[in-house]
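# Observations on chain architecture
If you want the building blocks of each chain, they are given just below.
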Amino acid sequence: MRPRRAGEPSELDLMAMACLAPSLLYVLVMFVYPFLYGIYLSLRPLKVDGFSLANYIAFFSDQYQYKTVGITFRLAVPNTVVVVAFSLLLAYNMRRGVWLERTITTILVLPISLGVILLAQGILGFYGGRGWFNQMLLGLGLIEDSLVLTHNFTGVMLSLFMQQFPFCFLMLLGYISGIDPSIENSARTLGAGPWTVFQRVMLPLIAPGLAIAFALVFVMSFATFPSAILLGQPTGATRTIAIAAYAQAFEMYDMPYASAIAVIMGLFQLAGLLVIILLRRRMVLAATMGVGKR
Amino acid sequence: MKETIESLRFRITKRFGAKTVLKDFGLEVRGRQFITFLGPSGCGKSTALNIIAGLIPATDGEVWLDGERIDHLPPEKRGFGMVFQNYALFPHMTVFGNIAFGLQLQRRPAAEIAERVRQMLDLVQLPGFEGRYPGQLSGGQQQRIAIARALVLHPRLLLLDEPLSNLDAKLRIEMRAEIKRIHTSLGLTSIYVTHDQVEALSLSDWVVVMRDGLLIQAGTPQEIHDQPVNVFVADFMGFRNFFQTQVVALGPDREVEATGNGMKIRGKTRHTFAPGASVVVAIRPDDVVVGGDVGGPNAFRAKVDIVEYLGREDEVILTLESGARLWVHTEARLTPGDLVPVVFPPEKVIFLPTEGPGGTA
């Protein structure tokens, strides 16, 4: 290629831009425009002329509405922690490959391919009042009355876990098994036991993948909608913020208010991501500092 | 500094599923020596090293160190240093963090750690590199840091798993000398795994040639180089010309005369052969003399087929009158099509047993 001065666009740059254009256009039309339109809509309440924050004020002054934020966090945060922790535990222990790995992975991944509705149907049948799970516990004499595991908080948690665990597990397994085993081996020969290896060597190397896993699972959990309706109490204990937005849009036909709720939901998701990024930075720093310096 | 070991003794078998990668591989290593496990890929040499390090469990067998059985100990309890082919530095730690890692685990005082890291960086000739990250270093520098990280703990045994394989040719020669210098100056006991016979010969006090999980030959570099026990070792040690022959006469002092392919070849052997036995005659390309008297012993006529320029000399492929191929390194500038006399000096010819069972070939 001919040499070029700084700042002068090269043929390659033009080519790259030309290649980028279709996807850029897609993102603009399918994502940026609806997103900005949603924000615009949320600032134009039905009952007010011109721009106003009335919808936002309405949301935060109505307990029935702002309660949904708390409910969603109570579902999303524990679910995210449990899903990521379980995935990490399993993926870390499977990093060197295990017996029947393919079979185990297939079984774990199956729920993803089934879709939420079928999964919910299965959970209702299996964990329901007269389902196998309760029948088994009753039969073993471990409980006297059926446990209520569906149409409540637990039901939604179960469903979220089953949807997100395989996804998160696979992502972490790929990430962890991609780390050169000789790094771990060298730490062992330098005197580190398995726990020290995990804490000081592997965890900092897994941290970026772990942060992505946390972020994705959190965002998915926070936006939960079908699970909260099918396996929870959509009008009470599991009325998540997504249900609130849906109700405004398609039951009250108040699109601007629904948009405002959606924007609020997005902001909380962003806040969650920010916390994860900060935590990740701290985790890496803590691990890099030597034990001698603590 | 902690004293190095007196002896390391092991006899190990390793199976992965149905595949046996080490078959009763046994050896006794004495302290302050440089031992090399040499063999082609898949011969089990790295597996043996990993078993000694404790990173892989043996299927069967024992490892003894100075009269103490250690094969049940996890790697972190063995006190060995290990250097890996791909350096295996901790990418999230600085050079200081990497070298200090083991010392920090031993909860040494900060001042001592700093001092010992500095000494190690001097030893590997990278002073002042404390603050760099592995990603900012070249391959050769990374391997020096890996060596420093292993040595800072004063290991009683240093294990090196093909440490130079990822480096380019020039750097490899440089680092080879470096490893030898460090080994000698610190009085270490080292076990070195390689598939490169030049590395093995130049570094070692003792070379162990392996194939298919078996020990084929162990000896000093001179023994391995001059008196390979079979065709496999000879091939590995640079013998390129092999001829199937039959023993016709045995003289005193292990002299042998053999015929085959219309050639009569004289030389010496370390093996005992019966008259009439099939033997393989071997000679290195460098030892064949081009020119001379065709009437003398071990002299033949050959036609030049291919000439490859190697710089100081040419590699020439010839066809002997018997039809056999002959590889020769010579400074004589030959032309394809030439008919030239070649001589196998009897003192350079070796006689080996023909391929037999049990990995003897």
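Everything numeric here is computed off the predicted structure, so don't read it as measured data. (Residues numbered from 1 in each chain as written. Chains lettered and ligands numbered in written order. Predicted model: local features only at pLDDT ≥ 70, side-chain atom pairs only at ≥ 80, totals over all residues.)

## A short note on the overall build of chain A
Rules: In this text, helices come from DSSP runs of H or I with a minimum length of four residues, and strands from runs of E with a minimum of two, each type numbered from the N-terminal end. Our radius of gyration is a C-alpha quantity, and the globule rule it is checked against amounts to 2.2 Å times the number of residues to the power 0.38. In this scheme the burial state of a residue depends on its C-beta neighbours within 10 Å: 20 or more other such atoms mean buried, 12 or fewer mean exposed, and anything in between means partly exposed; the C-beta positions come from the backbone. What counts as a contact here is a pair of residues whose C-beta atoms, placed from the backbone, lie within 7 Å.
Check the secondary structure of chain A and you find 12 helices and 0 strands. Helices and strands in chain A line up, N terminus first, as α-α-α-α-α-α-α-α-α-α-α-α. For 294 residues, the compact-globule estimate of 2.2 N^0.38 gives 19 Å, and the C-alpha radius of gyration of chain A, at 24 Å, exceeds that figure by more than 25%. C-alpha atoms of chain A, sized along the principal axes, occupy 80 × 70 × 40 Å. Expressed as a percentage of the 294 residues in chain A, the buried residues total 31%. In chain A, 73% of the contacts between residues at least 6 apart in sequence involve partners at least 24 apart.

## Thoughts on the overall build of chain B
Assigned secondary structure in chain B consists of 8 helices and 20 strands. Structurally, chain B occupies a C-alpha span of about 80 × 45 × 35 Å along its principal axes. By the burial criterion, 42% of the 361 residues in chain B qualify as buried. In chain B, 66% of the contacts between residues at least 6 apart in sequence involve partners at least 24 apart.

## Describing the domain arrangement of chain B
What counts, and what does not: Note: domain ranges come from an automatic or database domain assignment.
For chain B, the assigned domains read domain 1 (7-227) and domain 2 (232-353). Domain 1 of chain B and domain 2 of chain B are separated by 38 Å when their C-alpha centres are compared.

## Some words on the packing of helix H8 (residues 181-189) of chain A against helix H9 (residues 194-222) of chain A
Residues and elements named next belong to chain A. Quick reminder of the rule: Only the stretch in contact is used when a helix axis is fitted, and all axes are lines through C-alpha atoms; the angle between N-to-C directions ranges over 0 to 180 degrees. Roughly parallel here means an angle under 35 degrees, roughly antiparallel means over 145, roughly perpendicular means 65 to 115, and every remaining angle is called oblique. By definition, turning the near helix anticlockwise from the far helix through less than a right angle yields a left-handed crossing, and turning it clockwise yields a right-handed one.
Interhelical geometry of H8 versus H9 gives an angle of 135° and a closest axis separation of 10 Å. Between H8 and H9, the angle is such that the two are oblique. In this structure, H8 meets H9 at a crossing whose hand is right-handed. Contacts from Ile183, Glu184, Ala187 and Arg188 in H8 reach Val197, Val201 and Met202 in H9.

## Quick word on the pairing of strand S17 (residues 314-320) of chain B
Residues and elements named next belong to chain B. Quick reminder of the rule: Here, strands pair whenever DSSP counts at least two bridges between them.
Sheet topology places strand S16 (residues 299-309) next to S17; 7 bridges connect them, and they run antiparallel. Each bridged residue has a counterpart across the sheet, and for Glu308 the counterpart in S17 is Glu315. Sheet topology places S17 next to strand S18 (residues 325-330); 6 bridges connect them, and they run antiparallel. Note that in S18 the partner of Ile317 across the bridge is Trp327. The hairpin formed by S17 and S18 contains 4 residues between the paired strands, and Gly323 there has a positive phi angle of roughly 100°.

## A closer look at the interface of chain A and chain B
In plain terms, the rule: We call Asp, Glu, Lys and Arg charged. Ala, Val, Leu, Ile, Met, Phe, Trp, Tyr, Cys and Pro are nonpolar, and the rest, Gly among them, are polar.
The interface is formed by 20 residues belonging to chain A together with 26 residues belonging to chain B. At the level of elements, H8, H9 and helix H12 (255-288) of chain A are the ones that each hand at least two residues to the side of chain A that touches chain B. Considering only residue class, the side of chain A that touches chain B consists of 8 nonpolar, 10 polar and 2 charged.

## Let's talk about the sheet that holds S18 of chain B
Reading across from one edge, S15-S19-S16-S17-S18 (chain B) is the order of the 5 strands in this open sheet, with antiparallel pairing throughout. Here the strands that pair on one side only, and so sit at the sheet edges, are strand S15 (289-290) and S18 of chain B.

## Considerations on unusual backbone geometry
Residue and element names in this part refer to chain B. Of note in the backbone geometry, Gln125 takes a positive phi value of approximately 60° without being a glycine. As for its position among the elements, Gln125 is in the loop between helix H3 (110-123) and helix H4 (139-151). Taking the C-beta count within 10 Å as the criterion, Gln125 has 12 such neighbours and is therefore assigned exposed. Even without glycine at this site, Glu162 takes up a positive phi of about 45°. With respect to the helices and strands, the residue Glu162 is situated in the loop between strand S7 (157-161) and helix H5 (169-186).

## As for the confidence of the model for chain B
Residue and element names in this part refer to chain B. The following threshold applies: Residue-level confidence of the predictor, termed pLDDT, takes values from 0 up to 100.
Taken as a whole, chain B shows an average pLDDT of 91; of its residues, 97% reach a score of 70 or greater. Scored below 50 in pLDDT, residues 357-361 shows 12 contacts in the model against residues more than four places distant or in partner chains. Overall fold confidence (pTM) sits at 0.84, and the ipTM for the predicted complex is 0.85.

## Observations regarding the sheet that holds S7 of chain B
All names here are of chain B. With mixed pairing, the 6 strands of this open sheet are ordered in space as S6-S7-S8-S3-S9-S10. Edge strands, defined here as strands with exactly one partner in the open sheet, are strand S6 (80-83) and strand S10 (214-219). Recorded for the sheet is a direction-independent mean angle of 20° between the axes of neighbouring strands. Pairing geometry for S6 and S7, over 4 bridges, is parallel. Residue pairing for S7: Met82 is matched across the bridge by Leu159.

## Thoughts on the environment of Thr224 of chain A
All names here are of chain A. In this fold, Thr224 is placed in the loop between H9 and helix H10 (226-230). Sequence spacing of Thr224 and Ile241 is 17 residues, and the spatial spacing of their C-alpha atoms is 8.5 Å. When near neighbours in sequence (up to four residues on either side) are disregarded, Thr224 contacts Leu75, Val156, Leu160, Thr240 and Ala242.

## Concerning the nonpolar core
Rule in force here: As used here, a nonpolar core is made of buried Ala, Val, Leu, Ile, Met, Phe, Trp, Tyr and Cys residues. They are joined through C-beta atoms within 7 Å.
Grouped together as the largest cluster of nonpolar side chains are 158 residues, with contacts concentrated most on Ile261 of chain A together with Leu159 of chain B. Among the elements that make up this core, the one with the highest residue count is helix H7 (residues 153-177) of chain A (12 residues). Not counting residues up to four positions away in its chain, the partners in contact with Leu159 of chain B are Leu49, Ile52, Ala53, Phe80, Gly81, Met82 and Ile191 of chain B.

## Concerning the packing of helix H4 (residues 101-114) of chain A against H7 of chain A
All names here are of chain A. For the pair H4 and H7, the least separation of the axes is 8 Å and the interaxial angle reads 125°. Relative to H7, the element H4 lies oblique. The interaxial crossing formed by H4 with H7 has left-handed handedness. Residue-level inspection shows Leu108, Val109, Pro111 and Ile112 of H4 in contact with H7, the latter providing Met162, Gln163, Pro166, Phe167, Phe169 and Leu170. Broken down by class, the residue content of the contact of H4 with H7 amounts to 9 nonpolar, 1 polar and no charged.

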